[in-house]
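# Secondary and tertiary structure notes
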Amino acid sequence: MESQASVPSPLSQQPWSQRFEGSLHPAIALFNASIGFDIALIEYDLTGSQAHAQMLGHTGILTASEAEAIVAGLEQIRQEYRQGQFQPGVEAEDVHFAVERRLTELIGDTGKKLHTGRSRNDQVGTDIRLYLRDQIDQIQVHLRQFQRVLVTLAEANIETLIPGYTHLQRAQPLSLAHHLLAYFEMTQRDYERLSDVRRRVNLSPLGCGALAGTTFPIDRHYSAELLGFEGVYGNSLDGVSDRDFAIEFMGAASLIMVHLSRLSEEVILWASEEFGFVTLKDTCATGSSIMPQKKNPDVPELVRGKTGRVFGHLQGLLVMMKGLPLAYNKDLQEDKEAIFDGVNTVKGCLEAMTILFEAGLEFRPVRLNAAVAEDFSNATDVADYLASKGVPFREAYNIVGQVVKTCLAQGKLLKDLTLEEWQVLHPNFEADIYGAIAPRQVVSARNSYGGTGFDQVRQALDRARSLLLSPEKS
Ligand code: ARG
């Protein structure tokens, strides 16, 4: 086997060197090259090229033995790459040229036949789709793991209470499980959105050629089927220049990040001394270099911070596309770093949040239950109490507004009022008012479908569990 060092040096080796008089300026060669990042596509490139070669053999464009030699040569490159022996440099320009060149070194002139009936334009389109399809599957697995952790935590906290907020003002108390399951629902939509995007990622552009198709009697459906694509692009111009699927993916990735970032923001608040709802474990917190008392929530802060990168990639891809005339333009090379970084960021953040929620934080039930006993978040229930005793809701609402004002003036909570005081405010108040405004009852009573009532939360947990049991692909 020839070693990498024996590859003759670079710039005279460009496939188009016969057409050109001179060679690329070294700085421009660097500027032009994508090998530094598109090497991440190598396994997909090899698989895509193997399918193309098989198709060439199947259609008789190449002989069966030529096709076999190419497939075997590509497999050898895969092994070399996995063993760290294949590390093409900038002279290769991109992963596609690097592979083709190495193939020819390995199997001789037959290697030069691989590119029959295709172009790098449909080749790179194939590679990026195979990559993204694979990554979507992996992200869905990460999402499911995160959802499982949320469900486990929710199961343990059905009857743990937590203040619920609107406008970040205390509103109504909640079951902590209900709060956590809100994120289950968000991530379920994320999961389904990815399945939907995957359908449009999973189309083959292979055989679209440079832009117009090819003169060879290729069989695009054959190679598409070998690669597990669900269909083929119907228009060669569209096939080589479409990146809608990447934009859609980044949109779906951005929404995952929105959800993780909102949850992160909550954890950061909850871990503060002011809230005191969670304690961060040492596995998921850091200290300060100067303030010895600090324990910082770096994990959710980083997730919140990394969210902007993914939004940036979405914007970058949109702007990259908006002015492109048909068909392929080199601008499209810019899709890769955005896609790779978007994928890696989402995977990294999902993994970190899964660890944080599985083993990196502890809710403080005593603090949580106490918090809801010390506020006016049961005021709606006083109004509901009167309304259920025949007082029109708006009237009841106004009466309770006065009750709250009186309590605030006297430094009291609703539960501190005597029955006589209640009855001065409205004669329909009876001794059962105390039970009706106890936090546990306040939560339990919200038994409308999708509400925080404990029975509803148990049903929501059942629904969540059965979704988790469904096959990984929805
Ligand atoms: N490295 C290129 C890319 O990522 C491959 C396609 C090049 N095609 C071309 N016509 N120059 O887009």
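Computed from a predicted model, the values in this text were never measured in an experiment.

### Notes on the overall build of the chain
Counting its regular elements, the chain contains 19 helices and six strands. Taken against the 2.2 N^0.38 rule, which gives 23 Å for 474 residues, the C-alpha radius of gyration of the chain at 31 Å runs more than 25% over that of a compact globule. Dimensions along the principal axes, computed over C-alpha positions, put the chain at roughly 100 × 50 × 40 Å. Classification of the 474 residues of the chain by burial places 49% in the buried group. When contacts within the chain are restricted to residue pairs at least 6 apart in sequence, long-range pairs at least 24 apart make up 77% of them. If you average the places of the 45 positive and of the 60 negative side-chain charges in the chain, the two averages end up 2 Å apart.

### What about the packing of helix α10 (residues 244-270) against helix α11 (residues 298-322)?
It is at 8 Å that the axes of α10 and α11 come closest, and there the two elements cross at 160°. Classified by the angle their axes make, α10 and α11 are roughly antiparallel. Remark: the crossing between α10 and α11 carries left-handed chirality. Looking at the contact of α10 with α11 residue by residue, the classes come out as 17 nonpolar, six polar and four charged.

### Section: the environment of glutamine 315
With respect to the helices, strands and loops of the structure, glutamine 315 is situated in helix α11. For glutamine 315, a relative accessible area of 48% translates into the label partly exposed. Sequence separation between glutamine 315 and glycine 251 is 64 residues, and the spatial gap between their C-alpha atoms is 9.4 Å.

### Some remarks on the nonpolar core
Counting residues in each nonpolar core, the largest one holds 87 residues, and the members touching the most others are Leu132, Phe249, Leu260, Leu356, Phe357 and Phe363. Other than its neighbours up to four places away in sequence, leucine 260 contacts Phe146, Val303, Cys349, Leu350 and Met353. Formed by 21 residues, the second largest nonpolar core is a distinct cluster that contains Ala53, Ile61, Leu62 and Val95.

### Here we look at the site of the ligand
Neighbouring residues of the ligand: Ser34, Asp38, Asp94, His96, Arg120, Asn121, Val124, Tyr328, Gln333 and Lys336. In the environment of the ligand, an oxygen atom lies 2.4 Å from a nitrogen or oxygen atom belonging to the side chain of tyrosine 328. In the model, a nitrogen atom of the ligand is placed 2.7 Å from a nitrogen or oxygen of the glutamine 333 side chain. At three residues, the largest contribution of residues to the shell around the ligand is made by helix α6 (residues 120-155). Looking at side-chain class alone, the shell around the ligand contains two nonpolar, four polar and four charged residues.

### A few points about the pairing of strand β2 (residues 169-175)
As judged from the five bridges shared by strand β1 (residues 161-166) and β2, these two strands associate in the antiparallel manner. From the neighbouring strand, tyrosine 165 faces β2, where its bridge partner is arginine 170.

### Some points on the packing of aromatic side chains
Within this structure, the stated rule accounts for 11 aromatic pairs. Residues phenylalanine 275 and phenylalanine 277 carry aromatic rings whose centres are separated by 5.4 Å and whose planes lie at 85° to one another, so their mutual orientation is edge-to-face. Residue phenylalanine 275 shares its accessibility class with phenylalanine 277, and that shared class is buried. Between phenylalanine 393 and tyrosine 397 the ring centres are 6.4 Å apart and the planes differ by 45°, which places this aromatic pair in the tilted class. Within this pair, phenylalanine 393 and its partner tyrosine 397 are both found in helix α15 (residues 393-410), separated by four residues, close to a single helical turn. The exposure class of tyrosine 397 is partly exposed, given its relative accessible area of 47%. The rings of Trp16, Phe20 and Phe97 are connected pair by pair, giving a single aromatic cluster. Positioned above the aromatic ring of tyrosine 191, the side-chain terminus of arginine 144 is 3.7 Å from the ring centre. The ring of tyrosine 397 carries the charged tip of arginine 394 above its face, separated from the ring centre by 4.7 Å.

### Things to note about the state of the cysteines
Counting across every chain of the model gives zero disulfides. Its sulfur unpaired, cysteine 284 is 13 Å from the next cysteine sulfur, which belongs to cysteine 349. Note on cysteine 284: relative accessible area 7%, which makes it buried. The exposure class assigned to cysteine 349 is buried, which follows from its relative accessible area of 2%.

### Here's the deal with the side chain of threonine 104
Along the chain, threonine 104 turns up in helix α5 (residues 95-107). If we skip the residues at most four places from it in the chain, threonine 104 touches Gly111 and Lys112.

### Things to note about the pattern of salt bridges
Scanning the entire structure with this criterion turns up 32 salt bridges. The partner of arginine 193 in a salt bridge is aspartate 190, with the nearest N and O atoms 3.2 Å apart. Note that arginine 193 and aspartate 190 are positioned in helix α7 (residues 176-201) at a spacing of three residues, about one turn of the helix. The exposure class of arginine 193 is partly exposed, given its relative accessible area of 27%. Put simply, arginine 200 and glutamate 248 hold a salt bridge, and the shortest N to O gap is 2.7 Å. Within this pair, whereas arginine 200 is found in helix α7, its partner glutamate 248 is found in helix α10, the two being separated by 48 residues in sequence. Of the residues examined, arginine 200 reaches a relative accessible area of 36% and is grouped as partly exposed. By sharing partners, the salt bridges in this structure join Glu43, Glu75, Arg78 and Arg82 into a single network.

### Here's the deal with a nonpolar patch on the surface
A contiguous nonpolar surface patch, about 270 Å² in accessible area, is contributed by Leu211, Leu237 and Leu326. For leucine 211, a relative accessible area of 41% corresponds to the partly exposed category.

Rules behind the numbers
Residues numbered from 1 in each chain as written. Predicted model: local features only at pLDDT ≥ 70, side-chain atom pairs only at ≥ 80, totals over all residues. Heavy atoms only, no water. Helix = DSSP H or I, 4+ residues; strand = E, 2+ residues; numbered from the N terminus. Rg over C-alpha atoms; globule rule 2.2 N^0.38 Å. Buried < 20%, exposed > 50% of the residue type's maximum accessible area, 1.4 Å probe, protein only. Contact = heavy atoms within 4.5 Å. Lys, Arg positive; Asp, Glu negative; His and termini not counted. Charge placed at Lys NZ, Arg CZ, Asp CG, Glu CD. Axes fitted to C-alpha atoms, helices over the stretch in contact; angles between N-to-C directions. Parallel < 35°, antiparallel > 145°, perpendicular 65-115°, else oblique. Left-handed = near helix turned anticlockwise from the far one by under 90°. Nonpolar A, V, L, I, M, F, W, Y, C, P; charged D, E, K, R; others polar. Core = buried A, V, L, I, M, F, W, Y, C linked by side-chain atoms within 4.5 Å. Near = heavy atom within 4 Å. Polar contact = N/O pair within 3.5 Å; in protein donor to acceptor, adjacent residues only side chain to side chain. Pairing = 2+ DSSP bridges. Phe/Tyr/Trp six-rings, centres within 6.5 Å; stacked < 30°, edge-to-face > 60°. Lys NZ or Arg CZ within 6 Å of the ring centre and 35° of its normal. Disulfide = S-S within 2.5 Å. Salt bridge = Lys/Arg side-chain N within 4 Å of Asp/Glu carboxyl O. Patch = residues over 30% accessible without salt bridge, like charges linked within 9 Å, V, L, I, M, F, W, Y side chains within 5 Å. Areas by Shrake-Rupley, 256 points an atom, 1.4 Å probe, with all protein chains shown as cover.

Purely geometric stuff here, so don't read any function into it on its own.
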